[in-house]
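Structural overview
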Amino acid sequence: MEREFIKDYQRIVIKIGTNSIMQSQKKVNYQKIDRLAYVCASLQQAGKEVIIVTSGAIGVGASTLAYDEYPNTIAEQQALAAFGQSILMGHYNRFFQYYNQHVGQILLTRDVIDFPESLLNVRTALETLLAKNIIPIINENDAVAVDELDHQTKFGDNDTLSAIVAKVVDAQLLIILSDVDGLYTDNPMRNPEAAMLDRVTEITDEIIYMASGKGSEFSKGGMLTKIKAAEKMLAAKKAMIVTSSEDPTSLFKILEGDAIGTLFKSED
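Criteria and thresholds
- Residues numbered from 1 in each chain as written.
- Predicted model: local features only at pLDDT ≥ 70, side-chain atom pairs only at ≥ 80, totals over all residues.
- Heavy atoms only, no water.
- Phe/Tyr/Trp six-rings, centres within 6.5 Å; stacked < 30°, edge-to-face > 60°.
- Helix = DSSP H or I, 4+ residues; strand = E, 2+ residues; numbered from the N terminus.
- Buried < 20%, exposed > 50% of the residue type's maximum accessible area, 1.4 Å probe, protein only.
- Lys NZ or Arg CZ within 6 Å of the ring centre and 35° of its normal.
- Contact = heavy atoms within 4.5 Å.
- Salt bridge = Lys/Arg side-chain N within 4 Å of Asp/Glu carboxyl O.
- 1 Å grid on protein atoms, 1.4 Å probe; cavity = no way out; pocket = protein on both sides within 12 Å on 5 of 7 lines; lining within 4 Å.
- Points joined across faces, edges and corners; volume = space filled by probe spheres on them.
- Nonpolar A, V, L, I, M, F, W, Y, C, P; charged D, E, K, R; others polar.
- Core = buried A, V, L, I, M, F, W, Y, C linked by side-chain atoms within 4.5 Å.
- Patch = residues over 30% accessible without salt bridge, like charges linked within 9 Å, V, L, I, M, F, W, Y side chains within 5 Å.
- Areas by Shrake-Rupley, 256 points an atom, 1.4 Å probe, with all protein chains shown as cover.
- Axes fitted to C-alpha atoms, helices over the stretch in contact; angles between N-to-C directions.
- Parallel < 35°, antiparallel > 145°, perpendicular 65-115°, else oblique.
- Left-handed = near helix turned anticlockwise from the far one by under 90°.

A word on the packing of aromatic side chains. Centre distance and the angle of the planes are the two values used to describe a pair of aromatic rings. Enumeration over the complete set of coordinates arrives at 6 aromatic pairs. Ring geometry for Tyr92 versus Phe96: centroids 6.3 Å apart, planes at 40°, classification tilted. Residue Tyr92 and its partner Phe96 are both found in helix H4 (residues 74–98); the two are separated by 4 residues, about one turn of the helix. We note that Tyr92, like Phe96, is buried. Three or more aromatic residues joined by ring pairs make a cluster, and in this case those are Tyr38, Tyr98, Tyr99 and Phe252. In this structure, Arg94 packs its charged tip against the face of Phe95, placed 5.2 Å from the ring centre. The ring centre of Phe5 lies 4.8 Å from the NZ or CZ of Lys265, which sits over that ring.

Here it is as structure tokens:
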């Protein structure tokens, strides 16, 4: 089996996006969160170490307040993020507790990662949670993160954040759960001849061109941000998979070595 090596991976970062958490603009996908909780709790029980990077604070907040569209001002977006984050963590906590699995929230800003002392504190916090069999659930701290000329605090998107987290905790694999099955040679919605790539060993101009395109209204990225995350993972000699979030139980098969999604891994 081509991906047999994945069976040996013990520490995995799983990133799930807003589009995967939201069933529609005004509905949270509880079934998706429940299935993710079931899978992650089962993996922990089997001896794996799982870290979740989640989007969705603003989406969940907007749905709770029945917004027809996202607010435009930064102040309103940050207030919505603060409101939605507590609700989002409430959902995670409720579903994970059903499977007797504890979770812990960590909210990050870019400057925390950029400074050695605070980076060490982040790594220590994550390692301590994992040692206590608590699954860390990480999100960008959108309630306070802004970009200023001399003080960058935003990661920009959670695909980038998940790759940085994977590096911080020295995870062997990053799995990005998305609303697409993987990286295609062209947009499969427009081109029936488009084929999904099984494996990418380096990020070339051709790969970047394939990934070009915009994310939906509810996500900050599209495939291009995932390619940038893959670039970080490949540079760190680590593996990454982009796959559909439609059925989170497919994670079991992925970790058994099944060829699901697009694998980003350099040649051995």
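The rest of the description comes next.
By secondary structure assignment, the location of Asp68 is in the loop between helix H3 (57–64) and H4. A residue is classified by how much of its surface remains accessible, and Asp68, at 60% relative accessible area, is exposed. Along the chain, Asp68 and Lys26 lie 42 residues apart, while their C-alpha atoms are 8.0 Å from each other. Among all residues touching Asp68, those that are not within four sequence positions of it are Gln25 and Lys26.

In this section: the pattern of salt bridges. Per the stated rule, a full pass over the model turns up 10 salt bridges. Residue Arg11 pairs with Glu127 through a salt bridge whose shortest N-O separation is 2.7 Å. Of this pair, Arg11 sits in strand E1 (residues 11–16) while Glu127 is found in helix H6 (residues 116–131), placing the two residues 116 residues apart along the sequence.

Approximately 230 Å³ is the volume found for the second largest pocket. Ile113, Ala163, Ile164, Lys167 and Val168 are, among the 13 residues lining the second largest pocket, the residues nearest its centre. Every element with two or more residues in the lining of the second largest pocket is listed here: helix H5 (110–114), H6, helix H7 (158–168) and helix H9 (223–235). Top contributing element to the lining of the second largest pocket by residue count: H7, with 4 residues. Classifying every residue of the lining of the second largest pocket by side-chain character gives 8 nonpolar, no polar and 5 charged.

Counting 40 residues, the largest nonpolar core has Val13, Leu108, Ile138, Leu183, Met240 and Phe264 as the members making the most contacts within it. If you list the elements that add at least two residues to this core, you get strand E4 (49–54), strand E5 (103–108), H6, H7, strand E9 (173–178), helix H8 (205–211), H9 and strand E11 (239–244). Every residue in contact with Leu108, bar those within four places of it in the chain, is listed here: Ile113, Val122, Ile138, Asn139, Glu140, Asn141, Phe155, Leu161 and Val165. Tyr9, Ile12, Leu36 and Met89 belong to the second largest nonpolar core, which has 34 residues in total.

The next subject is a nonpolar patch on the surface. On the surface, Leu65, Tyr67 and Phe83 cluster together into a nonpolar patch covering about 240 Å² of accessible area. For Leu65, the position within the fold is in the loop between H3 and H4.

Moving on to the packing of H3 against H4. When two helices pack together, their arrangement is given by the angle between the helix axes and the distance between those axes. With their axes 6 Å apart at the nearest point, H3 and H4 run at an angle of 90° to one another. Relative to H4, H3 is oriented roughly perpendicular. Only Gln77, Leu80, Ala81, Phe83, Gly84, Gln85, Ile87, Leu88 and His91 of H4 make contact with H3, whose side of the interface consists of Ala57, Ile58, Val60, Gly61, Ala62 and Thr64. For the contact of H3 with H4, the residue count by class is 9 nonpolar, 6 polar and no charged.

With the exception of glycine, the majority of residues adopt a negative phi angle, and the majority of peptide bonds are in the trans configuration. Although it is not a glycine, Ala66 sits at a positive phi angle of roughly 55°. When its relative accessible area of 45% is taken as the criterion, Ala66 is described as partly exposed.

A separate point is the packing of helix H2 (residues 30–45) against H4. The contact between H2 and H4 brings their axes to 9 Å, and the two run at 50°. Our classification of the angle between H2 and H4 gives oblique. Of the two possible hands of crossing, H2 and H4 adopt the one that is right-handed. Across the interface between the two elements, Tyr30, Ile33, Asp34, Leu36, Ala37, Cys40 and Ala41 of H2 pack against His91, Tyr92, Arg94, Phe95 and Phe96 of H4. Its residues placed into classes, the contact of H2 with H4 shows 9 nonpolar, 1 polar and 2 charged.

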